[in-house]
Amino acid sequence: MKRFLEALFGLVALTGLPYLIYLGVYYLRRPSGTPANTWPREPSVSIVLPTYNEAAIVESKLEELVELDYPMAKVELVVVDSSDDGTADLVETFFAGRDEPQLTLIREEERRGLAVALNEAYAAAANEVVIKTDCDSRIAPDAIRRAVANLADPEVAGVTGRNAEVIGDSEVERGYRDIQTMIQVLESHIDSTLIFHGPFSAFERDAIVPIDEDSIADDTELALKIRRNGGRVVFDPAIHYKEAAHSSFGKRREQKDRRAMGLLRLLWRQRDALGRHGAYGRVVLPFNWWFMVVSPWLVASGLALATIGSLAILGPLGLATPAGIVAFTALGSRDALGPLQPLYSLFDTQISLFRASVTLLRARANGDDETHDGTWTPDEELREVLQ
């Protein structure tokens, strides 16, 4: 019994120590806002919008974009589309008779994946600043102004924003985003942040480089490559966007597991950045390796050890441990844990990362490193929430 408790306590302590250190640094430094030296300006802007079968929501997205608080005479909208539901035709109809913003519509003859589409759109973007957004998200009216103010800092080549409101009222996703905001603010003040968000990311056009054609972490990959080339990539919590999200455990799995797989694969492919590029490679990347690669296996090992140990020591009464885990998961997925809900949000993310790492390891063992071709299936339920 004593050895079991010592082993379990040691595993929990090992798992949590880096998080406690990071939390301590956060409260010592008290970072807030963006670290960029911002000032107002109005450069020309290209907004990149990739679309695939978005006929139900593309017009509302276009209406949002043309109403943004920015001079539309300085804006170009680059839409890259591979739909078979008439999305591109709706885009052309929307812009018929409009002088501004300028429309650049790229019709793909076949669907080749998001990364390929983005590389094509970025190459076509003609303006000084390039902003990428998703059709199934909503951005604040002042998002462009805040982004270009960040990019006015000569050291900053990329900036992303915060999911300020989770459409669909998902406490699970909201809890994780709040934790992620704290992490990204601190990372940005230390050097640069790792994760860039698809609903809103902005880059200096001259800093953009091609991303891997099979990437499923395209925004983060571009930001990481820009940082490797010498530009800072930061998080500004004052840049707001909205994104729909599921709360139910099952429905969230595909979305979150896919994201987790993309981030894990990116970290592995860019592993030679560890220890390089200033505090980014010495602090930010090692923490993210712990959070995404090491910690999920420790969490899974801790749950397994607690279950096996309880059954060995308590017999049938030990079933209370796995029952408690199941109850915690069930209540958390229903947003019913009260003050413990943020803890479940973190646990849920660790489960996705563990599942994704197992999938990647199995694929590698089978000699198949291509676990995803970069395409995705639109989530009809989330689109209904947006509508």
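Attention here is on the structure that accompanies the text.

Criteria and cut-off values
Residues numbered from 1 in each chain as written. Predicted model: local features only at pLDDT ≥ 70, side-chain atom pairs only at ≥ 80, totals over all residues. Heavy atoms only, no water. Core = buried A, V, L, I, M, F, W, Y, C linked by side-chain atoms within 4.5 Å. Buried < 20%, exposed > 50% of the residue type's maximum accessible area, 1.4 Å probe, protein only. Helix = DSSP H or I, 4+ residues; strand = E, 2+ residues; numbered from the N terminus. Contact = heavy atoms within 4.5 Å. 1 Å grid on protein atoms, 1.4 Å probe; cavity = no way out; pocket = protein on both sides within 12 Å on 5 of 7 lines; lining within 4 Å. Points joined across faces, edges and corners; volume = space filled by probe spheres on them. Bend = angle between axes of the 7 residues up to and from the residue. Polar contact = N/O pair within 3.5 Å; in protein donor to acceptor, adjacent residues only side chain to side chain. Salt bridge = Lys/Arg side-chain N within 4 Å of Asp/Glu carboxyl O.

### Some words on the nonpolar core
Argument step 1. Counting 34 residues, the largest nonpolar core has Val45, Ile47, Leu62, Leu77, Ile144 and Phe200 as the members making the most contacts within it.
Argument step 2. Broken down by element, the residue count for this core peaks at 5 residues, all from helix H5 (residues 143-151).
Argument step 3. With residues up to four places along the chain from it excluded, the contact list for Ile47 reads Leu65, Leu68, Val75, Glu76, Leu77, Val78, Ile131, Thr133 and Ile144.
Argument step 4. One finds Ile216, Met261, Leu263 and Leu360 within the second-largest nonpolar core, a separate group that totals 27 residues.

### Regarding empty space enclosed by the protein
Argument step 1. On inspection of all chains with the given rule, the structure shows 5 cavities of 30 Å³ or more.
Argument step 2. Approximately 100 Å³ is the volume found for the largest cavity.
Argument step 3. Every residue lining the largest cavity is counted, 13 residues in all, and those nearest its centre are Tyr176, Gln180, Ile183, Ile195 and Asn288.
Argument step 4. At the level of secondary structure, the elements contributing two or more residues to the lining of the largest cavity comprise helix H6 (171-190) and helix H9 (279-314).

### Considerations on H9
Argument step 1. At Ser295, H9 shows its largest kink, close to 45°, and the proline Pro296 lies no more than four residues downstream.
Argument step 2. Once H9 ends, the next one or two residues include Gly315, with phi positive near 70°.

### So, the environment of Lys132
Argument step 1. Mapped onto the elements of the fold, Lys132 is located in strand S4 (residues 129-132).
Argument step 2. In this structure, the C-alpha to C-alpha distance between Lys132 and Pro199, residues 67 residues apart in sequence, is 7.3 Å.
Argument step 3. Setting aside residues no more than four positions away along its own chain, Lys132 makes contact with Val48, Pro50, Leu118, Tyr122, Gly198, Pro199, Phe200, Ser201, Asp218 and Asp219.
Argument step 4. Looking at Lys132, its side chain comes within polar contact range of the side chain of Asp134, at 2.7 Å.
Argument step 5. Polar contacts involving the side chain of Lys132 include one to the main-chain carbonyl oxygen of Gly198, which spans 3.5 Å.

### Section: the pattern of salt bridges
Argument step 1. According to the stated counting rule, one finds 24 salt bridges in the structure shown.
Argument step 2. Among the salt bridges present, the one from Arg112 reaches Glu108, with a minimum N-O distance of 2.9 Å.
Argument step 3. The class for Glu108 is buried, based on a relative accessible area of 11%.
Argument step 4. The residue Lys225 makes a salt bridge to Asp212 at a minimum N-O spacing of 3.5 Å. With Lys225 in helix H7 (residues 218-228) and Asp212 in the loop between strand S7 (201-204) and H7, the pair connects residues that are 13 residues apart, well separated along the chain.
Argument step 5. By relative accessible area, Lys225 is classed as buried at 16%.
Argument step 6. If you follow the salt bridges from partner to partner, you end up with Asp212, Asp214, Glu221, Lys225, Arg265 and Arg269 in one network.

### Here we look at the side chain of Ser357
Argument step 1. Summarising the element assignment, Ser357 is placed in helix H11 (residues 341-365).
Argument step 2. The exposure class assigned to Ser357 is buried, which follows from its relative accessible area of 10%.
Argument step 3. A distance of 2.7 Å separates a polar side-chain atom of Ser357 from the backbone oxygen of Phe354.
Argument step 4. Ignoring anything within four residues of it in the chain, the contact list for Ser357 reads Leu264 and Trp297.

In short, the description is geometric, and any link to function would need to be established separately.
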